[in-house]
Structure formats: C-alpha cells, structure tokens
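What follows is each chain in one-letter form.
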Amino acid sequence: MLALFDLDNTLIDRLAAFKRWAAEFAADRGLGAQDVAWMIELDADGSIPMSTFFTHVRERFGLAESAESLWQGYRDRLPHLVTCRPAVLESLDRLRMSGWRVGIVTNGMADNQSGKIHHSGLVDRVDGWAISDAEGFSKPDRELFEIAARRCDTTLADGDWMIGDDVEKDVAGGRGAGLHTIWIDRGLSPGLSPGADHKVTDVLEAIALLDVDY
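Everything numeric here is computed off the predicted structure, so don't read it as measured data.

Asker: Outline the overall build of the protein, supporting the account with residue identities and numerical values.
Answerer: When helices and strands are counted, the protein shows 10 helices and six strands. The principal-axis extents of the C-alpha atoms in the protein amount to approximately 55 × 35 × 30 Å. When burial is assessed residue by residue, the protein has 45% of its 214 residues classed as buried. Taking all contacts inside the protein whose residues are at least 6 apart in sequence as the whole, residues at least 24 apart take part in 61%. Counting every atom, the protein has about 9,800 Å² of accessible surface; 48% of that belongs to carbon and sulfur. Both charge centroids of the protein, one from 22 positive and one from 36 negative side chains, sit 2 Å from each other.

What follows is the structure in structure tokens.
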C-alpha cells in the first residue's frame, strides 16, 4: 500500500513559513507592517509564480537585486523557516510501521522543496519523493505520481492514495492516476465538492483514515 502526500499546506504549513519569511525580509530592508501585508496578499497563498512575485517586489521597493537573485535568496531561506508538527511526523512513522509506503509528490523548485523536506524532518519519515522541477512533470500529470511511486520502490496500484489540499493538482490529479484521494479542506473554498473519497480539515485526520485495514 502506498500513500502519497502533497507537501505545502498538507504536511507542512507553507503559509506560516512564508509569513515568517516576509517579516524577516521586511525587517532586513527597513520595510513596515503594511509592506509585509502587501507581500502576503500578493503571494495569494502560493498561487502566483514566484518569478512574477519577485519582479513585483523588486519594482515596488526599488531594490537593486535582480528578481532572480531575490528568488534564490528566498529559496535558500524558506526551508529553514518550515516546520512539520511532531504529531504529523509521529503519525507518518506509525503509518509506515503498519506496512504503508509513504511518499511526497510536490510541484516547485527542487532546491526549495527538497530543503523543506530535509529541514522539517520529513526526510526520515518518507520512503521517497518526486519534485516537479527535478522530474520535468508537474501535478496533475500522472507521470509525477508514477515517478513518486518508483522513488518509493513500488508502482501505483489499486488501494493506493493521494492526500492533498489542492482540488486540481492533488484530487483530480490523484484520481487521474488511478488513486483514491483525500482532500484537505483548508476552508478556502466554501461549498466546494471536489469528488474526493474523503474530506478532512487536517492531515492528521487523513493519516488516521489510512491507518486502518483497507
């Protein structure tokens, strides 16, 4: 049995880490609270491409660094601001001890996403991962799910699961790859019914659903 998890805002709180980064960035450059709020709004919970984000940041604050340099600095720093709750790490340990293979399938830049996996402690709690930038495929493409399964020394099969907060990338993508799905509803889309097998509000609930004899 294989359980594939999204990374950002599923296993880790990417938004909280981004807010910490924005506060640091502003403090380093003498910016104010209103500037932090502007960056958080511009980021739109990670929905804007970061190359575009830093182009706007550079222009708004008249920064000398290039947008690419700012983006690289962000990718170097953000993984150090990411945490994974101890309860989540412990639950993943229990899931693996009960016979599951556990993997991560995530879109994003390889350095940023792998840094998050290592600094959060997830590196020791999963069997493998697939990152879109490293693999050349992005969710919801089935190929990235297949690569993630291979990184976990297995292949996609009946009874395998995908867990994540994104309706298109995680739920529709997982279903397209032949997986059962659990949608983590973060309360951002009231009334939405994405067609997942289960809906929960926290990854711990999702792991608890898996930690039974399917």
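Asker: Report on the pattern of salt bridges, specifying residues and quantitative values.
Answerer: Two side chains of opposite charge can pair, provided their charged atoms sit close to one another. Throughout the structure, instances matching the rule amount to 19 salt bridges. The partner of Arg-75 in a salt bridge is Glu-68, and the shortest N-O contact between them spans 4.0 Å. Ionic pairing is found between Asp-166 and Lys-169, a salt bridge with its closest N-O pair at 3.7 Å. Among the charged side chains, a network of salt bridges with common partners joins Asp-6, Lys-139 and Asp-170.

Asker: Residues and numbers for the sheet that holds strand S5 (residues 180-184), please.
Answerer: With parallel pairing, six strands are arranged side by side in an open sheet as S3-S2-S1-S4-S5-S6. A strand with exactly one partner marks an edge of an open sheet, and here the two such strands are strand S3 (128-131) and strand S6 (198-200). Pairwise comparison of adjacent strand axes, ignoring direction, gives a mean angle of 20° for this sheet. Looking at chain direction, strand S2 (residues 101-106) and S3 are connected through four bridges and run parallel. Across the sheet, residue Val-105 finds its bridge partner in S3, namely Ala-130. Its contacts with the sheet put helix H6 (residues 110-119) on S2 and S3, and the angle it makes with S3 is roughly 155°.

Asker: Go over unusual backbone geometry, please, and point to the residues and values.
Answerer: Put simply, Lys-139 and Pro-140 share a cis peptide bond, and its omega is 15°. Within the secondary structure, Pro-140 is located in the loop between helix H7 (132-135) and helix H8 (142-151). Its identity as a non-glycine residue notwithstanding, Asp-45 has a phi of 60°, on the positive side. Within the element layout of this structure, Asp-45 appears in the loop between helix H2 (33-43) and helix H3 (50-61). The phi angle at Asp-153 is positive, at roughly 60°, despite the residue not being glycine. Mapped onto the elements, Asp-153 comes out in the loop between H8 and strand S4 (161-164). With a relative accessible area of 63%, Asp-153 lands in the exposed category.

Asker: Would you mind going over the packing of H2 against H3 in detail, with residue names and values included?
Answerer: Running from N to C, H2 and H3 point in directions that differ by 155°, and their axes come no closer than 10 Å. With respect to H3, the axis of H2 lies roughly antiparallel. Judged by the twist between their axes, the crossing of H2 over H3 is right-handed. Here H2 contributes Asp-35, Trp-38, Met-39, Leu-42 and Asp-43 to the contact with H3, which in turn contributes Met-50, Phe-53, His-56, Val-57, Arg-60 and Phe-61. Here the contact of H2 with H3 is built from residues that sort into seven nonpolar, one polar and three charged.

Asker: For the pairing of S2, give the residues involved together with the corresponding values.
Answerer: Each regular strand carries side chains that alternate between the two faces of the sheet. Burial within S2 is extensive, with five of its six residues counted as buried. Alignment of strand S1 (residues 2-5) against S2, held across four bridges, turns out to be parallel. Paired with Phe-5 across the bridge in S2 is Ile-104. The handedness of the S2 to S3 crossover, carried by H6, is right-handed.

Asker: Break down the environment of Arg-186 for me, with residues and values.
Answerer: Checked against the element boundaries, Arg-186 lands in the loop between S5 and S6. Taking relative accessible area as the criterion, Arg-186 reaches 30% and is therefore assigned partly exposed. For the pair Arg-186 and Arg-75, spaced 111 residues apart in sequence, the C-alpha separation works out to 24 Å. With residues up to four places along the chain from it excluded, the contact list for Arg-186 reads Asn-9, Leu-15, Asp-45 and Asp-165. Within polar-contact distance, the side chain of Arg-186 engages the side chain of Asp-45 at 2.7 Å.

Calculation criteria
Residues numbered from 1 in each chain as written. Predicted model: local features only at pLDDT ≥ 70, side-chain atom pairs only at ≥ 80, totals over all residues. Heavy atoms only, no water. Helix = DSSP H or I, 4+ residues; strand = E, 2+ residues; numbered from the N terminus. Buried < 20%, exposed > 50% of the residue type's maximum accessible area, 1.4 Å probe, protein only. Contact = heavy atoms within 4.5 Å. Areas by Shrake-Rupley, 256 points an atom, 1.4 Å probe, with all protein chains shown as cover. Lys, Arg positive; Asp, Glu negative; His and termini not counted. Charge placed at Lys NZ, Arg CZ, Asp CG, Glu CD. Salt bridge = Lys/Arg side-chain N within 4 Å of Asp/Glu carboxyl O. Pairing = 2+ DSSP bridges. Axes fitted to C-alpha atoms, helices over the stretch in contact; angles between N-to-C directions. Parallel < 35°, antiparallel > 145°, perpendicular 65-115°, else oblique. Left-handed = near helix turned anticlockwise from the far one by under 90°. Nonpolar A, V, L, I, M, F, W, Y, C, P; charged D, E, K, R; others polar. Right-handed = clockwise from strand over helix to strand, strands pointing away. Polar contact = N/O pair within 3.5 Å; in protein donor to acceptor, adjacent residues only side chain to side chain.

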